[in-house]
Amino acid sequence: MRNFVLNFNRLRIHYLQIIFFSLLVFGACRSGFEGDVKPNQAPETYTVVDSIFREGANRFPSSLEVKWWGSDADGFVTGYEISSDGTNWKFTTRQDTSFIVDIPAGSDTFDYQFYVRAIDNNNQRDESPATLAYPVKNSAPTVLFTYSTVTPTRRPLKSFPVTRWSWSGTDPDGFENLDKYELIWNDTTQTPYTLSKSYSEATLEGLDWSGTTTGTRVYPGSLRNALPGEIPGLKLNDSNVLFIRAIDRVGAKSRWNASYKIYIRKPVSKTLLVNANSTRIDQAETFYKNNLSAAGITNFDVIRVREIKDNNYTELSPDNFTQSLIFKYFDAHIWFGNQSDYTLSLAQRTTELLLDKGGKLFIATNFSAAVDLQAGYLEFTPIDSLVNPPAGSQFRLNVNAPVRARLQGWPDLRAERIVSSARPFYEQFGATPLYDAEITRSSSSSSEVWSGKSVIMAKRNGPNGKAQFIISSLELDNLNGNNNISELFKKLFVEEFEIK
């Protein structure tokens, strides 16, 4: 019995020990599950400059490439926010960027700050963003005159006081940092003319063509109305150089860049002889000069729009608008050219301002057998259409062929030489025929006088009843067989055009 009691007591103590230790283990486990939860840790952000583009000694232009990355000890990074002031942020999932630093207006140097902070999967931001202090020094802009590379180039060696210029301006800190251009004639100590950076070309027209110097008004780009103000210092009857420089937003200036030298001549009259010949340039010009003088017209100017030297037009303006401003200055034009397509197409594009102001225009040009009848350059002339020879033949003017006046008191003329392609025409409605020619129709098997339409000269009158536009499909220096061409010059230019 005693042994039973002893064993029972021992067994009870053993169970009590098991229960006690179980409670200890349970209490320990319970304490582990119910402890304090640790707070979310903010991510960390890192950044580095990947590339810096330098320009010149000790310069820090504003082109910058930056890379960054982030880490989160208890989660993951979902994106980033970047800023240039630490206050205004922009979200991105990128980890790099390339940008142009926006230099403050009026500042030459400044420190640019770049901030970036990571955002984790709990939308928590790095409380200490990575920063980059970037010292920036403004770079000066540059500008150069540019010229056409289309040959023959239109870069005149001499001109009346209207010129056209093109240039190209750049800035290492970006085109947006470029602000304006300054232009001046000949002397960079003068007050320059300011022009917006949005223009890269301009036509410059002299204000006063009668003195020794003049200012020039400015037609920038494709504008047909001049801007206010003028560029001073253009010298007449002298060589000139146009200077230009670029200025950026912080006031940094490029060096002055100089154009090539161009001789600017002032007109001596209001009558312009336009030499559009590509061959016999001197001979044909002498013919017109001599006969104008014989008709009593001794005061006139001359321009050669077809002359080419070293693959460059010597007097033709770079564009038609500039040429039209030159032509507009004169009151009467006398054109001659040995190729109708060139002569008439140029005249059509450049004499509108002349005709609009009531100016007078004479054109004598040769029409080849291969002339493009669909070109459209006849539309502004007194010619309605050219007469086409029958198939297999061509029109020609033989030596001594008569050229008969249609109006009383006008001289009859005669061909001085053979003209291999002589094209009569139908005049426009309202135009007045002035001369018929005895045209020969020739083929490989026969030759005979043409009996059809044979008008080779006609006029269109202006509001005053006098001729405003006269055209001849034969060059006048072919028609002096009677040695009386100066009488025709008097009729055309003294009586009809009233040139004095």
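All residue numbers refer to positions counted from 1 along the written sequence of the respective chain. In view of the model being predicted, local features appear only for residues whose pLDDT reaches at least 70, and side-chain atom pairs are presented and counted only at 80 or more, with totals across whole chains, interfaces and linings using the full set of residues. Water and hydrogen atoms were dropped before computing side-chain values, which therefore reflect all heavy atoms in the structure.

Visitor: Explain the confidence of the model for the protein to me, please; I cannot follow it from the model alone.
Guide: Detailed reading of predicted coordinates is not advised where the pLDDT is low. The predictor's confidence in any single residue is recorded as pLDDT, a number from 0 to 100. Overall, the prediction assigns the protein a mean pLDDT of 87, with 86% of residues at 70 or greater. For this analysis, residues touch if any pair of their heavy atoms sits within 4.5 Å. Across residues 54–60, confidence stays below pLDDT 50; counting only partners more than four residues off in sequence or on other chains, it has 13 contacts.

Visitor: Got a minute to help me understand the pairing of strand E14 (residues 201–206) in this structure?
Guide: Sheet faces and side chains relate simply in a regular strand, where the side chains alternate between the two faces. Working definition: with a 1.4 Å probe on protein chains only, accessible area under 20% of the residue-type maximum means buried, over 50% means exposed, and in between means partly exposed. Comment: elements are numbered from the N terminus, with helices defined as DSSP H or I runs of at least four residues and strands as E runs of at least two. Here E14 lies mainly inside the structure; 5 of its 6 residues are buried. Pairing between strand E11 (residues 162–170) and E14: 5 bridges, direction antiparallel. Bridge pairing in E14 links Thr163 to Leu204. By definition, two strands form a pair when at least two bridges between them are found by DSSP. Sheet analysis places E14 next to strand E15 (residues 213–220), joined by 5 bridges and oriented antiparallel. Note on E15: the bridge partner recorded for Leu204 is Val218. Counting the residues between successive antiparallel strands, the hairpin from E14 to E15 contains 6 residues.

Visitor: Any chance you could explain the sheet that holds strand E13 (residues 193–196) here in plain terms?
Guide: Adjacent strands of a sheet form backbone hydrogen bonds with each other and so pair up, either parallel or antiparallel. Taken in spatial order, the 4 strands of this open sheet run E13-E12-E18-E19, and their pairing is antiparallel. The open sheet has two edge strands, E13 and strand E19 (257–258), and neither has a second partner.

Visitor: Even after reading the chapter, I still don't get the nonpolar core, so can you show me in this structure?
Guide: When a protein is soluble and globular, its nonpolar side chains tend to lie buried together. Take the buried residues of types Ala, Val, Leu, Ile, Met, Phe, Trp, Tyr and Cys, join any two whose side-chain atoms come within 4.5 Å, and each joined set is a nonpolar core. Within the largest apolar cluster, 42 residues are counted, with the highest numbers of intra-cluster contacts made by Tyr288, Phe362, Leu397, Leu476 and Phe493. Here this core gets 5 residues from one element, more than from any other, and that element is helix H6 (residues 485–496). The contacts of Phe362, once residues within four sequence positions are left out, are Tyr288, His333, Ile334, Trp335, Ile470, Leu476, Leu492, Phe493 and Phe497. Core analysis: the next-biggest nonpolar cluster, separate from the first, contains 37 residues, Trp209, Val305, Ile326 and Val455 among them.

Visitor: What is the right way to look at the environment of Asn482 in this model?
Guide: Along the chain, Asn482 turns up in the loop between strand E36 (467–472) and H6. Remark: the alpha-carbon pair of Asn482 and Pro402, spanning 80 residues in sequence, is separated by 9.4 Å. Apart from residues lying up to four places away in sequence, Asn482 is in contact with Asp412, Leu413 and Arg414. For this analysis, a polar contact is any N or O atom pair within 3.5 Å, provided that within protein one partner can donate a hydrogen and the other can accept it, and provided that sequence-adjacent residues contribute only side-chain to side-chain pairs. A polar side-chain atom of Asn482 sits 3.2 Å from the main-chain carbonyl oxygen of Asp412. Within the structure, Asn482 has its side chain in polar contact with the side chain of Arg414 (distance 3.2 Å).

Visitor: Just to check I follow, could you spell out the packing of aromatic side chains for this structure?
Guide: The description of two aromatic rings rests on the distance between their centres and on the angle between their planes. Any Phe, Tyr or Trp ring, taking Trp's six-membered ring, that has another such ring centre within 6.5 Å forms a pair; planes under 30 degrees apart are called stacked, those over 60 apart edge-to-face, and the others tilted. Here the structure, examined in full by the defined rule, presents 23 aromatic pairs. An angle of 75° between the planes, with centres 5.4 Å apart, marks the rings of Phe489 and Phe493 as edge-to-face. Pair noted here: Phe489 and Phe493 are both in helix H6, with a separation of 4 residues, about one helical turn. Here Phe489 falls in the buried class, since its relative accessible area comes to 0%. Classification of Phe493 by relative accessible area gives buried; the value is 0%. Ring centres of Phe493 and Phe497 lie 5.9 Å apart, and the angle between their planes is 55°; this geometry places the pair in the tilted category. With a relative accessible area of 2%, Phe497 lands in the buried category. Every member of this aromatic cluster is reached through a ring pair, and the members are Phe287, Tyr288, Phe336, Phe362, Phe489, Phe493 and Phe497. It is Arg117 that lies over the ring of Trp89; its NZ or CZ is 3.8 Å from the centre. To sit over a ring, a charge needs its Lys NZ or Arg CZ within 6 Å of the ring centre and within 35 degrees of the ring normal.

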